[in-house]
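Okay, here's what each chain looks like letter by letter:
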Amino acid sequence: MKIISRSLAETEKFAQDFVAKLIPKKDEATLVALSGELGSGKTTFVQCVARTLGVQENITSPTFVIMKKFSIFNFQFSNLYHLDAYRLERGEELAKLGLEEIVAEPRNLIFLEWPENVKNVLPKDIPKISFEFIDENTRKIVL
Ligand SMILES: Nc1ncnc2c1ncn2[C@@H]1O[C@H](COP(=O)(O)OP(=O)(O)O)[C@@H](O)[C@H]1O
Ligand SMILES: [Mg+2]
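Cut-offs used in this document
- Residues numbered from 1 in each chain as written.
- Chains lettered and ligands numbered in written order.
- Predicted model: local features only at pLDDT ≥ 70, side-chain atom pairs only at ≥ 80, totals over all residues.
- Heavy atoms only, no water.
- UniProt positions renumbered as here; feature names shortened; annotations may be inferred.
- Helix = DSSP H or I, 4+ residues; strand = E, 2+ residues; numbered from the N terminus.
- Buried < 20%, exposed > 50% of the residue type's maximum accessible area, 1.4 Å probe, protein only.
- Contact = heavy atoms within 4.5 Å.
- Pairing = 2+ DSSP bridges.
- Donors = N, O, S within 2.8 Å, 3.2 Å for Na, K, Ca; no water.
- Axes fitted to C-alpha atoms, helices over the stretch in contact; angles between N-to-C directions.

Within an unreviewed UniProt entry, the label attached to the chain reads tRNA threonylcarbamoyladenosine biosynthesis protein TsaE. What UniProt records for the chain under Sequence similarities (unreviewed entry) is the sentence "Belongs to the TsaE family."

Following this line, the structure appears as structure tokens:
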């Protein structure tokens, strides 16, 4: 599926639709890879997802902390994880932060920016959303 988002509101709508269709797995977390260059809208998408899930905290980019966890109430998931591997060179660095345990919990919903940097420690065949800068207000989003 491919969409052109011409505004933050359209990206927010895409995020709402995406969340509405999510079905938790029985035996592991839902992990979604977010690909695309800097400024293509990966973090913005996670902010939209977080709002949809009722997260009150302000979501900033986890580039420097690598991983952020938010509690979700009254939903199919208990925790939203926002991971950013931009500064990582090896998947082992993510493994050290407990990736395996987080991925083993079905009530975790995980979004990972820069999956390319850590692909050696990721499960096979995880769904990916790709973001592409078109112009100032326009982004291509491919699911
Ligand atoms: N249609 C759009 N959808 C998402 N973000 C957009 C859109 N138009 C402009 N933007 C802006 O693009 C920037 C994307 O930045 P960010 O989400 O941090 O990118 P990334 O995490 O991919 O590096 C934000 O400043 C956001 O406001
Ligand atoms: Mg980002």
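So that's the structure; there's more coming.
Looking now at the side chain of Glu12. Counting through the fold element by element, Glu12 comes out in helix α1 (residues 8–21). You can call Glu12 buried: its relative accessible area is 19%. Each residue touching Glu12, except ones within four places of it in the same chain, is listed here: Cys48 and Arg51.

What follows is about the pairing of strand β3 (residues 67–71). The alternating pattern of β3 places Lys68 and Phe70 on a buried face and Met67, Lys69 and Ser71 on a face that is not buried. Sheet topology note: the β3/strand β4 (residues 79–84) ladder contains 5 bridges and is antiparallel. By the bridge assignment for β4, Met67 is matched with Leu83.

On to the coordination of the magnesium ion (ligand 2). Protein coordination at the magnesium ion (ligand 2) comes from Thr43 (OG1) and Glu113 (OE), with a distance range of 2.2 Å. One end of the pair, Thr43, is in helix α2 (residues 42–52); the other, Glu113, is in strand β5 (residues 108–113), with 70 residues separating them in the sequence. Comparing Thr43 with Glu113, the two get one shared label, buried.

Moving on, we get to the sheet that holds strand β1 (residues 2–5). Strand order in this open sheet of 7 strands is β1-β7-β6-β2-β5-β4-β3, and the pairing throughout is mixed. Of all strands in the sheet, those with a lone pairing partner are β1 and β3, marking the two edges. The average undirected angle you get between the axes of adjacent strands in this sheet is 20 degrees. Packing against the sheet, α1 makes contact with β1, β2 (30–35), β5, β6 (128–135) and β7 (138–142), and its axis sits at approximately 145 degrees to β1. Those strands touched by α2 are β2, β4, β5 and β6, and its axis lies near 160 degrees from that of β5.

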